[in-house]
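# Architecture and fold: a report
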Amino acid sequence: MVAAVGMSQVSSSGIKWSFCGTSLERKAAAASKATNVAFAVRAAGYDEELVKTAKTIASPGRGILAIDESNATCGKRLASVGLENNEVNRQAYRQLLCTTPGLGEYISGAIMFEETLYQSTSDGRKMVDCLVEGGIIPGIKVDKGLVPLAGSNDESWCQGLDGLASRTAAYYKQGARFAKWRTVVSIPNGPSELAVTEAAWGLARYAAICQDTGLVPIVEPEVLLDGSHGIDTTLEVAERVWSKVFYFLAENNVLFEGILLKPSMVTPGAECPERATPEQVAEYTLKMLRRRVPPAVPGIMFLSGGQSEVEATLNLNAMNQSPNPWHVSFSYARALQNSVLKTWKGQPENLEAAQKALLVRAKANSLAQLGKYSAEGEAKEAKEGMFVKGYTY
Amino acid sequence: MVGRAMELAAATRSAFLGNGVESCLSPKACRSSFRTPTTTTTPGQIVMTSNFEKTNPYADELKKTAAFISAPGKGILASDESNATTGKRLATVGLDNTVENRQAWRELLYSAPGLGNYISGTIMFDETLFQSSRAGVPFVDILKEQGILPGIKVDTGLQPIDGTDGETATQGLDGLAERCQRYYKQGARFAKWRAVLKVDNEVLPSSTAILENAHGLARYAQICQANGLVPIVEPEVTLGEGDYSIERTAYISEKVNSHVFRLLNEYNVILEGILLKPNMILPGLDVPTPAPEEVARYTVRTMFRSVPGAVPGIHFLSGGMSEEEATLNLQALQAYGPTPWSLTFSYGRALQSSTLKMWAGQEENWQAAQERLVALAKANSDAQLGKYKGPHPSPGGQRILQALRLGGAGK
């Protein structure tokens, strides 16, 4: 369904646009009138590949393993099992995850931090090669983190646009085929119109630049779990945020068939006394998505954001009890890694057991994607919440 | 702005936790109850969001009405031509533009036997909503008998936007709420407002025109919903002179829809309670008419890219397509299912053109004309279900073009 779009070629005199073989050079007279784009030249020739990558990631029964924690955050993970935060330990941990046999049956993509994208295993194989051989598409976190947003109500914005085009081009060369950028909005702090606009605009610019260099952008405006607000408030805020996000994505001529979304589920705030069942979470979340997400988007990969492993799986399962216009799946970090870490404890002799633990969680979420998961037989630890107030990556 | 957001957040919190649960706002006190699952709403209960939706007594009804109109195999008969435009149509068969002639013409349409099998709603002009048949039966009653919901055109016509290249804004917001209430009382359950955008190879539509028309549609939609009428949102990228490509129309239509939905969202319009009435994606008049499959491909792609699934029905306007073209194109769309919204029709000219010619104001042609109308409606109903097989009741016609008419809606 994607029509052939024009290719742009940069020549020494500037950019020439061509459409179906006919050159259209901007006339001087017309340029003085209005500056309208004649039609969208989207994704600079990568459009077919982007669509294919996005569809492959959004394939039935599969989701994303997020292992893109910054070094500082990875350090927290390692510390929880008594390990020092150094490159060797980070390599060992990521190696454990990336070389898990059979992982590709449940995992279609893995998001990495820059260090890991360029790392090799202890026996000299590139991490990206391990993933690709396992049938998993490598992805890369490209944002440069959250910083305070001046003029706001103590809110944040996400940095990373400077030099993004050359970074993404280099990542593509290294083997990455999709990217991720996480920005946040906070309900206890408003969110202010400024914060929402900045979050949406940053995502839109990032997405356009990624597509231009061949990476499928995962669009992630996380509505933080922090707060004591009810589920109705979360719904309202999520609708506001996604409305702006899609508007700005369209303004930036982003190809919707070549993106993936990473929303937070619509739940009550972490400190709200009124909790919600998985069915309610599903109902609210799907309502929000139906109201805001054009069906052209191939996949919606939810973040877990502090839910327990079982909670995250149950909620995903509830959302897949009837057909959706887009693939509804997962992009989980903590909700896939928690049990793995606890099993591994940093000990090489626990490697196999830890990898098995990863497969257990991955398979559970795969079943949830197909709407066939049951929580019977799940371990107690898997049900423990992982919410951390004011959590930073 | 931030202070206001905080106010709203606080108000929502206290409204939600109202009755004596204030002590639980302290995080420590709540830690123990954090993990206890308690349900608030039962699954399947209406999920409210904005204050507008929460406090709107029509919210439920709007959604039901929109679902009814966009049901499978059904579409809309657009018969809301202003008196001035109706006059032009009547003139083509040699009839004067009188109240009686307009009344007779609409009576022919609304009382056509079996029309309700294929038509779920008909858009009317102000005069017609309050008219009766020549025997004195109110049109709204005739339609009710047929199982057809009355709708009402509420805009008051196009005006030029100064400083643009012939672009227009749509009027009608003043006093709209009162008019909606009056129309609802009379039996109307949906409304329509036509925004028009011109397109060319380079500069049209201007961002001015897009913003103006998107704003008008969003305000109109909200006011309608506040007063019980399902708004048909019609951002028509009009078929016009020129050699602009189908790709160009697709791109512009995406842009326009993006602006429209952004503003609908800003005004908290309940998307499950609207219907969209867009153009099919066609190139300029100087480009050879594309095959239905090509039109369908671009049209569905545009809809997939710009219309959230919450909208229950997309009712395409016929906008100059011949009667047969309108049916064939509608059928071709269905090959791209399943879709979250129904892809159906809201046709004026494509249901009325040959019907009018057959009647030509002659009593003896009355039945034949009605049969033509119903045959056309059935063809399009079949097409909506993907089941249309020829021959078409009105084959091989030419494009049925009409110039943009400026000025207020004629009396």
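Residues numbered from 1 in each chain as written. Chains lettered and ligands numbered in written order. Predicted model: local features only at pLDDT ≥ 70, side-chain atom pairs only at ≥ 80, totals over all residues. Heavy atoms only, no water.

Per an unreviewed UniProt entry, chain B carries the name Fructose-bisphosphate aldolase and comes from Physcomitrium patens. Turning to chain B, the UniProt record has this under Catalytic activity (unreviewed entry): "beta-D-fructose 1,6-bisphosphate = D-glyceraldehyde 3-phosphate + dihydroxyacetone phosphate". Under the UniProt heading Sequence similarities (unreviewed entry), the note attached to chain B is "Belongs to the class I fructose-bisphosphate aldolase family." (UniProt positions renumbered as here; feature names shortened; annotations may be inferred.)

As recorded by an unreviewed UniProt entry, chain A carries the name Fructose-bisphosphate aldolase and is attributed to Physcomitrium patens. Recorded in UniProt for chain A, the comment headed Subcellular location (unreviewed entry) runs: "Plastid, Chloroplast". In its Catalytic activity (unreviewed entry) section, the UniProt record describing chain A reads: "beta-D-fructose 1,6-bisphosphate = D-glyceraldehyde 3-phosphate + dihydroxyacetone phosphate".

### Remarks on the overall build of chain B
What chain B contains, in helices and strands, is 15 helices and ten strands. When contacts within chain B are restricted to residue pairs at least 6 apart in sequence, long-range pairs at least 24 apart make up 80% of them. Surface accessibility of chain B: about 15,900 Å² in total, with carbon and sulfur atoms responsible for 54%. (Helix = DSSP H or I, 4+ residues; strand = E, 2+ residues; numbered from the N terminus. Contact = heavy atoms within 4.5 Å. Areas by Shrake-Rupley, 256 points an atom, 1.4 Å probe, with all protein chains shown as cover.)

### Some points on the sheet that holds strand S9 (residues 178-185) of chain A
Residues and elements named next belong to chain A. What the eight strands build is a closed barrel, ordered S4-S5-S6-S9-S10-S11-S12-S13; its pairing is parallel. Two elements, strand S10 (residues 216-223) and strand S11 (residues 260-261), share two bridges in a ladder whose sense is parallel. When the sheet's bridge partners are listed, Ile218 is paired in S11 with Leu260. Relative to the sheet, helix H11 (residues 309-319) contacts strand S12 (299-302) and strand S13 (327-332), its axis offset from that of S13 by approximately 170°. (Pairing = 2+ DSSP bridges. Axes fitted to C-alpha atoms, helices over the stretch in contact; angles between N-to-C directions.)

### Quick word on the nonpolar core
One broad rule of soluble globular proteins: the nonpolar side chains tend to lie buried together. Tyr206(A), Tyr220(B), Leu264(B) and Trp359(B) are the most contacted members of the largest nonpolar core, which has 210 residues in total. Top element by residues in this core is helix H9 (residues 231-251) of chain A. It accounts for twelve residues. Apart from residues lying up to four places away in sequence, Tyr220(B) is in contact with Val154(B), Leu173(B), Leu176(B), Ala191(B), Lys192(B), Trp193(B), Pro231(B) and Ile232(B). (Core = buried A, V, L, I, M, F, W, Y, C linked by side-chain atoms within 4.5 Å. Buried < 20%, exposed > 50% of the residue type's maximum accessible area, 1.4 Å probe, protein only.)

### Some points on the pattern of salt bridges
Going through the model one piece at a time under the given rule, you end up with 38 salt bridges over all chains. Arg134(B) serves as the salt-bridge partner of Glu107(B), at 3.1 Å between the closest nitrogen and oxygen. Of this pair, Glu107(B) sits in helix H6 (residues 99-110) while Arg134(B) sits in the loop between helix H7 (126-129) and helix H8 (139-146), and the two are 27 residues apart along the sequence. For Glu107(B), a relative accessible area of 12% translates into the label buried. Note on Arg134(B): relative accessible area 43%, which makes it partly exposed. Between Arg134(B) and Glu363(B) there is a salt bridge, and its shortest N-O distance comes to 3.6 Å. With a gap of 229 residues between them, Arg134(B) in the loop between H7 and H8 and Glu363(B) in the loop between helix H14 (349-359) and helix H15 (366-384) connect regions that are remote in the sequence. In the salt-bridge network here, residues are joined through shared partners; they are Glu239(A), Lys287(A), Arg291(A), Arg292(A), Glu53(B), Lys63(B) and Glu272(B). (Salt bridge = Lys/Arg side-chain N within 4 Å of Asp/Glu carboxyl O.)

### Section: the packing of helix H4 (residues 87-98) of chain A against helix H12 (residues 334-344) of chain A
Residue and element names in this part refer to chain A. Across the interface, H4 lies against H12 with an axial gap of 12 Å and an inter-helix angle of 120°. Of the two possible hands of crossing, H4 and H12 adopt the one that is right-handed. Facing H4, whose interface residues are Asn89, Ala92, Tyr93, Leu96 and Leu97, H12 presents Gln337, Val340, Leu341 and Trp344. Across the contact of H4 with H12, the residue classes break down as seven nonpolar, two polar and no charged. (Left-handed = near helix turned anticlockwise from the far one by under 90°. Nonpolar A, V, L, I, M, F, W, Y, C, P; charged D, E, K, R; others polar.)

### Structural notes on the packing of aromatic side chains
Think of a pair of aromatic rings as described by two things: how far the centres are apart, and how the planes are tilted against each other in angle. Residues and elements named next belong to chain B. If you walk through the whole model with that rule in mind, you get 17 aromatic pairs over all chains. Measuring from ring centre to ring centre gives 6.3 Å for Phe130 and Tyr183, while their planes differ by 45°; the resulting arrangement is tilted. A residue pair is termed long-range when its members are at least 10 positions apart, and Phe130 in the loop between H7 and H8 and Tyr183 in helix H9 (residues 176-186) qualify at 53 residues. Relative accessible area serves as the criterion here: at 34%, Phe130 is assigned to the partly exposed category. For Tyr183, a relative accessible area of 2% puts it in the buried group. (Phe/Tyr/Trp six-rings, centres within 6.5 Å; stacked < 30°, edge-to-face > 60°.)

### A few points about the sheet that holds strand S8 (residues 275-276) of chain B
Residue and element names in this part refer to chain B. The strand order S1-S2-S3-S6-S7-S8-S9-S10 describes a closed barrel built from eight strands, whose pairing is parallel. Across eight bridges, strand S6 (residues 190-197) lies against strand S7 (residues 230-237) in parallel orientation. Across the sheet, residue Ala195 finds its bridge partner in S7, namely Pro235. Along the sheet, helix H12 (residues 292-306) contacts S8, strand S9 (313-317) and strand S10 (342-347); its crossing angle with S9, the most-contacted strand, is approximately 140°.

### Let's talk about the packing of helix H11 (residues 246-266) of chain B against H12(B)
Residues and elements named next belong to chain B. It is at 9 Å that the axes of H11 and H12 come closest, and there the two elements cross at 25°. As far as their axial angle goes, H12 and H11 are roughly parallel. H11 and H12 meet at a crossing whose hand is right-handed. Between H11, through Ile246, Glu247, Ala250, Ser253, Glu254, Asn257 and Phe261, and H12, the contact on the second element is made entirely by Glu294, Val295, Tyr298, Arg301, Thr302, Met303, Arg305 and Ser306. Considering only residue class, the contact of H11 with H12 consists of six nonpolar, four polar and five charged. (Parallel < 35°, antiparallel > 145°, perpendicular 65-115°, else oblique.)

### A short note on the side chain of Thr86(B)
Tracing the backbone through its elements, the reader meets Thr86(B) in helix H5 (residues 83-92). Leave out the neighbours within four places in its chain, and Thr86(B) touches Glu81(B), Arg102(B), Trp105(B) and Arg106(B).

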